[in-house]
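Fold and contact review
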Amino acid sequence: MTGVAAILLAAGRGTRFGEEPKLLARIGGKALVRHAAEAAAHSMAGPVIVVTGYRADVVETELKGLPVQVVHNPQYADGLSTSLKAGFSALPPEARAAIVILGDMPFVRPGLINALVGGWHARGEPTALVPVLNGQRGNPVVLSRALQTSITRLSGDVGAGSILRGRPDVLEWPTEDTAIIYDIDTREEFAKHQS
């Protein structure tokens, strides 16, 4: 155990994508959420907590056979903050941090997750470790459990960005991995990856 759990956020409706649940859209024959969950499951982070909400039944079907713990967020329609809170509430006592992974980022690989977890340890377990590509912050992000109280105060469709800004104990982790800034929000973005 690394002391770092993984929280996979897979509860949102993805309204910009259309009526069909975005996380079920397939790249390479595999649902977006399955790509993200496999990356987490094959990494050194653990346990892997998947937060579901919209169409939870079908999203959970896509996760069959993976060593993940599913937590349902009944407040998912109130925004991303509710899923982040649900994930942090489910952390086991031994988890000192969580790497937060978005379900619509199918190009994140186990190696990237491992590098961030290792980087968090190597840099003295800061409040957060944020990957950066050419000056642009991305995901996944390692968040210390010390942030849990601040996370419980979040509301609406926001992540942890608002509580990380301007803090000297939030460190950046430079990378050349474009996966950290690539999520799929629209059908146009999705179509680029269909053969």
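Note that the structure is a prediction, hence the values are computed from the model and not measured.

1. Concerning the nonpolar core
Among the nonpolar cores identified, the biggest contains 62 residues, and F88, I99, L143 and L164 are the most heavily contacted of them. No other element matches the seven residues that strand β1 (residues 4-10) contributes to this core. Once you skip the residues sitting within four places of it in the chain, F88 turns out to touch I7, A98, V100, L143, S144, R145, Q148 and I151.

2. Overview of unusual backbone geometry
Cis geometry is adopted by the peptide bond preceding P47, which originates at G46 and carries an omega value of 0 degrees. Its place among the elements puts P47 in the loop between α1 (32-41) and β4 (48-52). P140 follows N139 through a cis peptide bond whose omega is 5 degrees. Positionally, P140 belongs in the loop between β8 (136-137) and β9 (141-144). Despite not being glycine, R55 shows a phi value in the positive range, around 50 degrees. Structurally, the position occupied by R55 is in the loop between β4 and α2 (56-62). For E125, which is not a glycine, the phi torsion comes out positive at approximately 55 degrees.

Rules used in this analysis
- Residues numbered from 1 in each chain as written.
- Predicted model: local features only at pLDDT ≥ 70, side-chain atom pairs only at ≥ 80, totals over all residues.
- Heavy atoms only, no water.
- Core = buried A, V, L, I, M, F, W, Y, C linked by side-chain atoms within 4.5 Å.
- Buried < 20%, exposed > 50% of the residue type's maximum accessible area, 1.4 Å probe, protein only.
- Helix = DSSP H or I, 4+ residues; strand = E, 2+ residues; numbered from the N terminus.
- Contact = heavy atoms within 4.5 Å.

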